[in-house]
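# Examining the three-dimensional arrangement
One-letter residues, chain by chain:
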Amino acid sequence: MAKKIPFNVVFASDEDVNFPASELNNHGPTVHGWRSAPNGSLTSHDIILRFQQPAKIYRIQLLAHQYLIPEKVELWLHYSPKSLPSTPSSQYFDFLGFVALADNANTNYKSRELQSVTVCPRRGTHLKLRLIGVQGNDYNDTGQISLLAVNVLGEDLDVGPNNGNGEEHLSNEAPPLDTATGELALASICDDLLFSMYVEESIVQTIRELEQRKILAVNSERFEYARKLKLCMTALRTAGERLGRYALAKRQAVQQEDFTTARLRKEQIEMYRAAVLRQLQVHQLLEPQGVTLSSNDQSCEIYAGGKPSLPSAPSLQDVAQALAEATFSPKSMTSLSLEDKSSTDGSQPGNDNTVTTPAPAPAPTPAPTSLQATPTPTLGGWRKSHDELPQSPRLPSRHSSPMSSRQGSLRRRNKSVPRNSYEDYEERAIPTLRHSNTNEFLRECQGNALLEADPNRGRSRLNDRERRQAALPILVFGNELVEQFYSRQFQDREDGLMRLRNFLKEHDLLEPSSNEHAASPNKVARSAALLLHRAVRDAVYSVFSQATETVRMLFLEYVPGRVSPNEVARCVDRLLPELLAKSGDPSARLHTLAQHTILSIAACPEVAEQHLVAPALSRSVGSGTHQRLAMSRLQMLEQLVHTQGISTDKHSGLTCRALSECGCSGIHHPAEPVRKVAERILLLVYKVNPRLVRKQLPPDDDITRRNLLYRQLFTEFDKLDLDRKQELLEASKYGGGHSSGDAATPPADKASTSSDASRLMNSRSGHSLGPMASSSNGYASCNGKQQYNEQLKRSMLSVSNSRKGSASNSESTEDNTPKIRCPFCDWSCAGSDATQLDRHYWKACPFLTKCPQCSQVLEVAALNYHLTTECDAKESYVVCVRCTESVHKQLYELHQMEDYCRELKTGAARCPLCHDDVHLPQDGGWKLHLLSAGGCPGNIRKRNLKKSN
């Protein structure tokens, strides 16, 4: 199988003094590679490699620089026996071929190209690389080219008397291939250039030893041991890549003469390497001295679940703290005191062991050969620190750039170069370190000042995926405006929204003749909706506020009269779900702004004609819907009923049936504010079609009225029925039982009779439907409402006539006697003074109680909810996770120690007065619990009521 052929560079046509060709002899994370002389006059550059012994060549690997890229690389091979002397001038090279390299512009010069060339088996002792041409770009202003690494794979050539005709013999051979993948079979994965360039050297050596142990284990049929070795090598590769980044950071710190950071990096490498080897049990798996360990053939916990987990990587702060603790430990202090006593010449003992915990050092800018790729994704429990450096060219870079790589050298980092957002997050100054000896805070302030001076400096360019997503907005608005929407700086996103509004205003003012080459209104609306769909999801409130303002301007000022109905529907379908989600946000300013925006969209004539908003709001509200979201939907639906009226179009979402179904689902929601809004919607529908609403509810009888919810709702229905009866009686007195359109009916009464129906019942065209409007078959247009009113009017006339004929009837006398009744506890008293009922509520009603904080009178069942959501002191109360009671924060720990703090049973509620469970049905259960003789023992009002009786 193929293995890595060691070589030495013996000749280079030219080189940069800081990047000599000898860098190609080794592979590792800290290798800089070769670089040509700056501003050189040579058009081609030759590099000759000499193998340490003759070899059969199977594959040649080249790793190019990210922006110092040659146009092509030619490969030449030479073979000379050891017995013959060979110099570069006397060698004859055979041409193998060439490799063309890409200009790397599609990756923004952030990744590196790895080229692997498989050749027919050829013997050789020297390999010549001829680099021709320069790929021009903005970052290569010196005309240099670079080669980071070269790797030659093959086998050692056995030179003997039978190998004289080597070329003819090798031409019939084929390179060894892996039967599973069809690729070149390698003796070790460590021989691959992609592996050796990004894994720390000591880990590479350990993995080589583990591979040898795995081969022996397979031959010995120790398959459990072989499985452990395979998993261990996989985990070691991940850890080795991290150690390679640490080694690169240590080398850069040495180049910048930051020796404190270099020492911390060194200790960090040692600590993390030791932790990895200890957790993966590498010493046990290697079986030192050839002793077979039985534990390796048995399953263990760390290798039981597949890939083993790695320990958390220590940050520089953890390393400094560990060194400080080790220095100032009792043993260290004892040794220091002994040294002080033993000093006879009066000199102070060295303080080399004393380490002061420094502030986190900024991640140095990668050197010219630093690796420009994204680090391995952080595993769970790993701590992100500012030392996350790139690791591999297989993944795109996240925070590196060729400019930063180019400006790093032996000098200290250029402070005028601003850091990107990733480094700003990881290197931000801790407030406690602002007055320390470090200049990190000053550097951060300087970076912010540079961003304020040049806003475009911190703006990131769009990647390929974002360009594909925003292809239409870029075509309509331009690349600069779209980049502001995708920027990581919220100020840029705000500026982009303001520019979008200005664009819509200017596009509105342009005349059609002067706007021939501009985009059509449909494309402008679609592009704006694409950008606003991203903006309304922004987590920054100022950006969301600007986005909602732009949405309102789009639908109220730009869309009317310009955009086609299909495009309007497409824009609403894109924006409405995001705004509905925002309307359920717990923050008051967010959900209020989202509701206002949705209602503004619904007010657009094109949106109202197509009924695009109301159907989404009138869907049934489930009991599991979040309280804030359900309440926002019902509030917006109620507002639409007031503004647009109840429609007869079945697609409008504002029909009597759709509204009644939505209201009936809302009154069963567990949150009281949601139920209140749903009741108001049902009352609005009841004014138009009472029969349909009553059909959706349980029958109006004594059993149903035991439920407090239905009792209150039916009481309101009775009030509306009574008002309607009085209107009908007054209309019959003036008009003799005819319709309200009679000339004898006073105008004021006519208006009052038809006010509710005329205001709520609107057709799709917007014209009012009077209360007497009927269909061709003589029945009412809204589910028999007019027929119901006629029957009700006739029955009321008969009742009134009977009462006039029997004035002395005792039953009539009792009805005329005024009486006040409590709807909660059935308390009643004679008289018409409403203050008596208020006094009963305030002092005596056992169904009610006072809030201990704000003294508001409310139902006992709603006290827990009131204390945590409505009360003025709600910030001081929390909900117990065990018993769901509202408890003061200072008493929460004591509350959990009480006996009554226990798990709540399924389908029950917890009484805040006596801490007992109230079983379902909740309203009926509450009444039984609070009013019965053996009910709530903590209800003081019930005891006072007994004493008064």
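Residues numbered from 1 in each chain as written. Predicted model: local features only at pLDDT ≥ 70, side-chain atom pairs only at ≥ 80, totals over all residues. Heavy atoms only, no water.

## Side note on the overall build of the protein chain
Secondary structure assignment for the protein chain yields 36 helices and 16 strands. A total of 949 residues make up the protein chain; the buried ones form 45% of that total. Sequence separation of 24 or more characterises 66% of the internal contacts of the protein chain that already satisfy a separation of 6 or more. About 48300 Å² of surface is accessible on the protein chain, with carbon and sulfur atoms providing 51% of the total. (Helix = DSSP H or I, 4+ residues; strand = E, 2+ residues; numbered from the N terminus. Buried < 20%, exposed > 50% of the residue type's maximum accessible area, 1.4 Å probe, protein only. Contact = heavy atoms within 4.5 Å. Areas by Shrake-Rupley, 256 points an atom, 1.4 Å probe, with all protein chains shown as cover.)

## A few points about the packing of helix α18 (residues 565-583) against helix α19 (residues 588-602)
The axes of two packed helices give the description: the angle between them and the distance between them. One can describe the packing of α18 onto α19 by two numbers: an axis separation of 8 Å at closest approach and a directional angle of 150°. In this view, α18 runs roughly antiparallel relative to α19, as classed from their interaxial angle. Where α18 crosses over α19, the two elements pack in a sense that is left-handed. From α18, Val-572, Leu-576, Leu-579, Leu-580, Lys-582 and Ser-583 reach across to α19, where they touch Leu-590, His-591, Ala-594, Gln-595, Thr-597, Ile-598 and Ile-601. (Axes fitted to C-alpha atoms, helices over the stretch in contact; angles between N-to-C directions. Parallel < 35°, antiparallel > 145°, perpendicular 65-115°, else oblique. Left-handed = near helix turned anticlockwise from the far one by under 90°.)

## Structural notes on the pattern of salt bridges
In a structure, side chains of opposite charge can pair up when their charged atoms sit close to one another. Inspection of every chain in the model, using the stated rule, returns 28 salt bridges. Between Arg-694 and Asp-718 there is a salt bridge, with its nearest N and O atoms 3.8 Å apart. Remark: Asp-718 occurs in helix α27 (residues 708-735) and Arg-694 occurs in helix α25 (residues 690-696); sequence separation between them is 24 residues. Taken together, the shared-partner salt bridges in this structure form one network comprising Arg-694, Asp-700, Arg-705, Asp-718, Asp-721 and Arg-724. (Salt bridge = Lys/Arg side-chain N within 4 Å of Asp/Glu carboxyl O.)

## Comments concerning helix α4 (residues 223-255)
Taking 1.5 Å per residue, 33 residues should reach 48 Å; α4 reaches 47 Å between its end C-alpha atoms and fits that length. Immediately beyond the C-terminal end of α4, within one or two residues, lies Glu-257, with a positive phi of roughly 60°. (Expected span 1.5 Å × (residues − 1).)

## Quick look at the packing of aromatic side chains
We describe a pair of aromatic rings using the distance from one ring centre to the other and the angle between the two ring planes. Summed over all chains, the structure comprises eight aromatic pairs. With a centroid separation of 5.5 Å and an interplanar angle of 70°, the aromatic rings of Tyr-109 and Tyr-139 are classed as edge-to-face. Placement of Tyr-109 in the loop between β6 (94-100) and β7 (114-132) and of Tyr-139 in the loop between β7 and β8 (146-156) is noted, with a sequence separation of 30 residues between them. In this pair, the class of Tyr-109 matches that of Tyr-139, namely buried. (Phe/Tyr/Trp six-rings, centres within 6.5 Å; stacked < 30°, edge-to-face > 60°.)

## Regarding a nonpolar patch on the surface
Among the surface-exposed residues, Leu-891, Leu-894 and Met-897 lie close enough to one another that they form a single nonpolar patch of about 340 Å² accessible area. Structurally, Met-897 is set in helix α34 (residues 892-897). By relative accessible area, which is 66% here, Met-897 ends up exposed. (Patch = residues over 30% accessible without salt bridge, like charges linked within 9 Å, V, L, I, M, F, W, Y side chains within 5 Å.)

## Regarding the confidence of the model for the protein chain
Confidence along the protein chain averages 75 in pLDDT terms, with 71% of residues attaining 70 or more. The low-confidence segment residues 433-446, where pLDDT is below 50, has 19 contacts with residues more than four positions distant or belonging to other chains. pLDDT under 50 marks residues 795-815. Its contacts with residues more than four places away, or in other chains, come to five contacts. (pLDDT = per-residue confidence, 0-100.)

## Observations regarding helix α16 (residues 521-535)
Here α16 contains 15 residues, and its C-alpha end-to-end distance of 21 Å stays within 8% of the 21 Å for a straight helix at 1.5 Å per residue. For α16, the full list of buried residues reads Val-524, Ala-525, Ser-527, Ala-528, Ala-529, Leu-531, Leu-532, His-533 and Ala-535.

## As for the nonpolar core
Grouped together as the largest cluster of nonpolar side chains are 85 residues, with contacts concentrated most on Phe-555, Val-607 and Leu-697. Split by domain, this core shows at least three residues from each of two domains, domain 3 (464-506 + 520-610) and domain 4 (633-721). Apart from the residues within four sequence positions on either side, Phe-555 is in contact with Pro-560, Cys-571, Val-572, Leu-575, Ile-601, Cys-604 and Val-607. (Core = buried A, V, L, I, M, F, W, Y, C linked by side-chain atoms within 4.5 Å. Domains from an automatic or database assignment.)

## Focus: the pairing of strand β5 (residues 72-78)
Along β5, six of the seven residues are buried, which leaves the element largely enclosed by surrounding structure. Note that β5 and β6 share six bridges and pair antiparallel. Bridge pairing in β6 links Lys-72 to Ala-100. Bridge count between β5 and β7: seven bridges; the pairing is antiparallel. (Pairing = 2+ DSSP bridges.)

## Focus on unusual backbone geometry
Positive phi is not limited to glycine here, since His-611 has a value of about 55°. By the secondary structure assignment, His-611 is in the loop between α20 (605-610) and α21 (614-617). His-611 sits in the buried class, given a relative accessible area of 17%.

## Details of the side chain of Arg-711
Mapping Arg-711 onto the fold places it in helix α27. On the basis of relative accessibility, which here comes to 11%, the residue Arg-711 falls in the buried class. There is a polar contact of 3.1 Å between the side chain of Arg-711 and the backbone oxygen of Arg-705. Ignoring any residue separated from it by four or fewer positions in sequence, one finds Arg-711 in contact with Arg-705, Arg-706, Pro-823, Phe-824 and Lys-927. (Polar contact = N/O pair within 3.5 Å; in protein donor to acceptor, adjacent residues only side chain to side chain.)

## Some points on a positive patch on the surface
Together, Arg-465, Arg-468, Arg-534 and Arg-537 give the surface a local cluster of positive charge. Residue position: Arg-534 is located in helix α16. (Lys, Arg positive; Asp, Glu negative; His and termini not counted. Charge placed at Lys NZ, Arg CZ, Asp CG, Glu CD.)

## Side note on the packing of α4 against helix α5 (residues 259-279)
Contact geometry for α4 and α5: axes closest at 8 Å, N-to-C directions at 165°. It follows that α4 is roughly antiparallel to α5 by the angle criterion. In terms of crossing hand, the pair formed by α4 and α5 is left-handed. Across the interface between the two elements, Leu-236, Ala-239, Arg-242, Leu-243, Tyr-246, Ala-247, Ala-249, Lys-250, Ala-253 and Val-254 of α4 pack against Phe-259, Thr-261, Ala-262, Arg-265, Lys-266, Gln-268, Ile-269, Tyr-272, Arg-273, Val-276 and Leu-277 of α5. When grouped by side-chain class, the residues that make up the contact of α4 with α5 number 14 nonpolar, two polar and five charged. (Nonpolar A, V, L, I, M, F, W, Y, C, P; charged D, E, K, R; others polar.)

## Quick notes on the environment of Asp-495
Secondary-structure assignment places Asp-495 in helix α15 (residues 490-509). Using a relative accessible area of 35% as the deciding quantity, one classes Asp-495 as partly exposed. Residues Asp-495 and Gln-484, 11 residues apart in the sequence, show an inter-C-alpha distance of 7.3 Å.

## Quick look at the state of the cysteines
Summed over the entire model, instances satisfying the criterion amount to zero disulfides. Here Cys-851 is not disulfide-linked; the sulfur of Cys-854 is the nearest cysteine sulfur, at 3.5 Å. The exposure class of Cys-851 is buried, given its relative accessible area of 2%. Cysteine Cys-911 is unpaired, with the sulfur of Cys-914 as its nearest cysteine sulfur at 3.7 Å. (Disulfide = S-S within 2.5 Å.)

## Remarks on the environment of Ser-299
With respect to the helices and strands, Ser-299 occurs in the loop between α6 (282-286) and α7 (316-327). The exposed category is assigned to Ser-299, whose relative accessible area is 57%. Placed 74 residues apart in sequence, Ser-299 and Tyr-225 show a C-alpha to C-alpha distance of 8.9 Å. Those residues in contact with Ser-299 that sit more than four places away from it in its chain are Glu-224, Lys-228 and Ala-304.

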